[in-house]
Amino acid sequence: MNSIRKLITTQVPLAQRALRPSSSIISQSRSVVYLHKGPRVRGLVRDEEDYMYSPSGKKYGLNQENLQSLKEFLGKEYELPDELSLQILTHKSFAHGIKPFNEKLSILGSHFLKNRASLYTIHKQESKDVDADINGLSISQLGSLTSRNITSSEILYAFIKKNNLTDVIFWKKRDALLTDPSKSGEIKVSDGVVKAIIGAILSHHGKVKAEKFIDDVLLNSSNEKSLVNLSQN
Amino acid sequence: MNRIRNSLVLSKPFINQSSKLIHKSFSTTRFVNQTTTQESLNTTQTTSSSSASNSKIITEEEASKSALLVSLHRRLNLPKEFKLSTLARCLTCRSSQGKLNNYGLNILGKNFLSYYVSENLLATYPRLPTIILNSAIDSYISNESLASIGEHSWGIEVDQTPILQKFLREEPIEYSYGKLRFLPVNPKTNEKGVTKITKNAGEIDPTVAYSLSVRSIIGALYASTKSETLTKKFIYDHILSRKLDISTMFEFEQPTRELSRLCKREGFEVPIARLLAENGRLTKKPVFVVGVFSGENKLGESYGSSLKEAKIRASVDALKKWYLYKPLNPKVPSDEDYQPGLIDHGIVIV
């Protein structure tokens, strides 16, 4: 049996079995687990070694190769724990969600990014209607195309590409043969990763540092890779 | 005399605009009630009064003459920097065609609301499943919730007086500044028993108009004071102070399987259901009490009229206890003394 690579045998200790009341409803789970490798067979549990790869061929795991790009991007100032960094780079679609994924970090990051982007718009963008301003803030600019573009999925995808983070994202393509990023889901996944980075910095370092990260890295007009500059191109 | 003259000067374009709108509505839509001119005037009054009143910038002096605006300002305990004219703008929707409307302020307020509410929920219940989290956020800041706050808690009134009536009463224009102004959906049709469900361009429901005004007041509070601390406090006082029972939002399709997957993912021992107590097994109404255990740790417990029901209920109890985990004294990232807490790995996919 070449296909059988791993055979894990777990036996319930006799003493423990004796203690269990006879009225237990669910019997102990199967004691022998066969992990299948090779082509998919319905009903067989697949070996993690076989499918834990990103679309670019990187193996999932807490190693330097996977986390290097994100660490370089964040630098010392916004450094995050390795487990959290790997969670940022993992999408819900990867490995049927059995590994920690970035969905909730992304939700928090998304709300925070929108909030900061709207503040950037009213504080930094030039007003087109001075009468509509309040306290010197460009309220009329909110909802404009320029304002909305800053946080659009396409711009966030371009940002991820510019910062060489696309190869280390762990996700599953809608269809392995699709190459168009909008159809394969790559844009949406990349959008989630940027927001998850913000959410993770916010959760780990607090609001002050997350604000600084957004102002210095994402909404800094002097940085050519920033969202502001990418949205203008 | 001056006031009457002003109202007469203002009323002339009102009537012209009303007649134009009536004419337009007759020619473009068949749903508008064509039977009485009075009804047509009623349906268009909000637009005409608003557009006329917004064609110029509302000064602070004019706004201060509106008793409704002053009382709303006091009721909400707004700071001095928050001008009455800004408050009047918060109550003017974009659909009422004025230049100074609440469109931008609504976006600003919405972004503040969604951030502070999601931050609070995630800090209080870090393991909440995404669907429940989104529903909980929605429960706090959906149009219906905000409309309820605007109407019942803050006491914002809708400007419903027909323009003709305003003219006959010689009502000063400042009266309408303190009321919510928008172009309402006209539900009337020519057919008896037929209700119109589609809207014309620019028409909005009162619920939407109310929510726009509530969000705008939050946005305007920040714009007036430039203080995030005050804005956060206002949101906590008026929005997050409302009680929300999240435990009732859960609905599990396969609780036993989900619990099993959860235990596997978290590296716990396989969950086992054990009968803890029973009463009247052979009677018409038996009761079984079942606990779900992972090793020696009890994850959940519940009762049922059959063993299967009790097991399912116990699994649901265990899952709820997991998802509704609440840290002691939770701190949100925007707090000054924030310490990083639990970061959830995500929901269990069955």
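Since the model is a prediction, treat every value here as computed from it, not as a measurement.

A. The confidence of the model for chain B, seen in detail. Residue and element names in this part refer to chain B. Looking at chain B, the pLDDT average stands at 83 and 82% of residues meet or exceed 70. Within chain B, the element-level pLDDT minimum falls on helix α1 (residues 2-28), averaging 36, and the maximum on strand β2 (residues 287-294), averaging 97. Contacts from residues 1-54, a stretch scored under 50 in pLDDT, to residues over four places away or in other chains number 77 contacts. For this predicted complex, the interface score ipTM comes out at 0.84, alongside a pTM of 0.83.

B. Representation of the nonpolar core in the model. Counting 128 residues, the largest nonpolar core has A:Ile197, A:Phe213 and A:Leu218 as the members making the most contacts within it. Both of domain 1 (60-191 + 199-246) and domain 2 (250-324) of chain B provide at least three residues apiece to this core. For A:Leu218, the contacting residues outside a window of four places in its chain are A:Leu113, A:Phe159, A:Ile198, A:Phe213, A:Ser226, A:Leu227 and A:Val228.

C. Inspection of the pattern of salt bridges at higher detail. On inspection of all chains with the given rule, the structure shows 26 salt bridges over all chains. A salt bridge links A:Glu49 to A:Lys59; the shortest N-O distance between them is 3.7 Å. In this pair, A:Glu49 sits in helix α2 (residues 48-51) while A:Lys59 sits in the loop between α2 and α3 (64-74), placing the two residues 10 residues apart along the sequence. The salt bridge involving A:Lys71 is made with A:Asp82; its shortest N-O contact spans 2.8 Å. Taken together, the positions of A:Lys71 in helix α3 and A:Asp82 in helix α4 (residues 82-88) put the pair 11 residues apart, joining distant regions of the chain. Given a relative accessible area of 28%, A:Lys71 falls into the partly exposed group. Connected via shared salt-bridge partners are A:Arg116, A:Lys207, A:Glu211, A:Asp215 and B:Glu228.

Rules and cut-offs
- Residues numbered from 1 in each chain as written.
- Chains lettered and ligands numbered in written order.
- Predicted model: local features only at pLDDT ≥ 70, side-chain atom pairs only at ≥ 80, totals over all residues.
- Heavy atoms only, no water.
- pLDDT = per-residue confidence, 0-100.
- Helix = DSSP H or I, 4+ residues; strand = E, 2+ residues; numbered from the N terminus.
- Contact = heavy atoms within 4.5 Å.
- Core = buried A, V, L, I, M, F, W, Y, C linked by side-chain atoms within 4.5 Å.
- Buried < 20%, exposed > 50% of the residue type's maximum accessible area, 1.4 Å probe, protein only.
- Domains from an automatic or database assignment.
- Salt bridge = Lys/Arg side-chain N within 4 Å of Asp/Glu carboxyl O.

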